[in-house]
Amino acid sequence: MTILDGKKVSNDIKNEIKQQVDKMKAKNEKVPHLAAVIVGNDGASLTYVGSKVRACERVGFESTMVRLSNTTSEIELLDKIEELNQDDDIDGFIIQLPLPPQINTQKVLMAVDPSKDVDGFHPENFGKMALDMSTFIPATPFGILELLDRYGVETKGKHTVVIGRSHIVGRPMSILMGRKGFPGNSTVTLTHSHTKNITQITSQADIIISALGVPNFLKAEMVKDDAVIIDVGITRVPDETSPKGYIITGDVDFENVSKKASYITPVPGGVGPMTIAMLLKNTLLAREQRM
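Okay, so let's go over this structure. Note that the structure is a prediction, hence the values are computed from the model and not measured.

1. Brief notes about the packing of helix α5 (residues 123-130) against helix α7 (residues 170-178)
Then step 1. Two numbers describe how α5 lies on α7: the axes approach to 9 Å, and their chain directions differ by 30 degrees. Comparing their axes, α7 and α5 come out roughly parallel. In this structure, α5 contributes Phe126, Met129 and Ala130 to the contact, and α7 contributes Arg171, Pro172, Ile175 and Leu176.
Then step 2. Of the residues contributing to the contact of α5 with α7, the split by class is six nonpolar, no polar and one charged.

Set out below in structure tokens:
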């Protein structure tokens with residue numbers, strides 16, 4: 001069994017990006033600039049955005065954090081997005097989700113300039129991805145592809161089962177794993193909360209990508225020997241024995257499933273670090289396109 005070490009691979013990617021940024025600086029070119037908009041005080045979102053800002057510092061990017069209050073109106077947020085769209089200094093920006101209930105998330109994501117949409121959530125970028133055109137791939141799916149690629153995990157002709165159909169992970173993954181090329185060329189089954197006999201389906205899978213958000217959902221009896229397991233789930237589970245009062249748990253019963261798997265991602269340290277690395281990679285691509 002091989003651990004798909006997202007921490008190590010994401011560090012490799014950041015080092016590669018830093019080398020490219022150093023070359024830009026040597027030529028006196030403008031370095032990439034990533035902005036993040038956060039509305040409200042959600043603890044997990046603040047932690048996540050903070051780690052993005054630190055990652056920018058590490059690779060030599062400029063970064064801007066735009067913090068808005070929980071009472072921000074939809075109009076105010078849309079005005080701020082338009083300001084970022086028009087700002088030539090900013091190459092890419094993200095809107096940290098979730099947004100407060102008074103704001104229509106879809107409307108907000110639609111307002112982002114597709115050429116600065118480094119999260120890959122705009123319908124124009126999603127459509128290009130579905131049509132195999134070059135575009136920004138959402139960071140988490142992009143990270144999963146990169147892990148499979150760098151570890152040389154065979155995907156051609158394999159049966160991939162995706163659990164969860166979110167627009168951020170499940171649905172794009174189902175498209176990307178079925179596309180021509182590597183990683184891809186697999187036969188994909190997309191499962192979700194209404195799927196019947198899910199164990200029957202997962203136990204036939206060569207590759208399982210779980211993005212459900214249900215701790216320890218995928219059990220050993222649901223997996224065949226030598227399957228490749230990608231765990232996208234990340235849930236805080238209360239635990240009085242932990243100093244933080246909680247532990248981070250994935251969708252996969254790691255202890256038991258890992259005994260059967262050929263490759264598996266840990267939680268934490270698997271897909272999570274890759275998401276930030278690929279967001280940086282998308283921002284670098286955005287800068288190169290704007291040049």
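Right, picking up where we left off after that structure.
2. Considering a nonpolar patch on the surface
Then step 1. Taken together, the side chains of Met1, Ile3 and Phe254 present a nonpolar region at the surface, about 260 Å² in accessible area.
Then step 2. Along the chain, isoleucine 3 falls in strand β1 (residues 2-3).

3. So, the side chain of threonine 135
Then step 1. Position of threonine 135 among the secondary structure elements: in the loop between α5 and α6 (139-150).
Then step 2. At 2.9 Å, the side chain of threonine 135 and the side chain of asparagine 125 are in polar contact.
Then step 3. Sequence-distant contacts of threonine 135, defined by excluding residues within four places in its chain, comprise Asn125, Lys128 and Met129.

4. Here's the deal with the layout of surface pockets
Then step 1. Computed from the structure, the largest pocket encloses a volume of approximately 1,600 Å³.
Then step 2. What lines the largest pocket is a set of 48 residues, among which Ala44, Tyr48, Ile234, Gly272 and Thr275 lie closest to the centre.
Then step 3. Every element with two or more residues in the lining of the largest pocket is listed here: α1 (6-26), α2 (43-59), β4 (92-95), α6, β9 (235-238), β10 (246-249) and α10 (271-290).
Then step 4. The residue makeup of the lining of the largest pocket, split by class, is 25 nonpolar, 15 polar and eight charged.
Then step 5. If you go around the second largest pocket, the residues you meet are Leu97, Thr105, Gln106, Leu109, Phe121, His122, Pro123, Phe126, His167, Ile168 and Arg171.
Then step 6. Element by element, the count of residues in the lining of the second largest pocket is highest for helix α4 (residues 105-111), at three residues.

Conventions adopted
Residues numbered from 1 in each chain as written. Predicted model: local features only at pLDDT ≥ 70, side-chain atom pairs only at ≥ 80, totals over all residues. Heavy atoms only, no water. Axes fitted to C-alpha atoms, helices over the stretch in contact; angles between N-to-C directions. Helix = DSSP H or I, 4+ residues; strand = E, 2+ residues; numbered from the N terminus. Parallel < 35°, antiparallel > 145°, perpendicular 65-115°, else oblique. Contact = heavy atoms within 4.5 Å. Nonpolar A, V, L, I, M, F, W, Y, C, P; charged D, E, K, R; others polar. Patch = residues over 30% accessible without salt bridge, like charges linked within 9 Å, V, L, I, M, F, W, Y side chains within 5 Å. Areas by Shrake-Rupley, 256 points an atom, 1.4 Å probe, with all protein chains shown as cover. Salt bridge = Lys/Arg side-chain N within 4 Å of Asp/Glu carboxyl O. Polar contact = N/O pair within 3.5 Å; in protein donor to acceptor, adjacent residues only side chain to side chain. 1 Å grid on protein atoms, 1.4 Å probe; cavity = no way out; pocket = protein on both sides within 12 Å on 5 of 7 lines; lining within 4 Å. Points joined across faces, edges and corners; volume = space filled by probe spheres on them.

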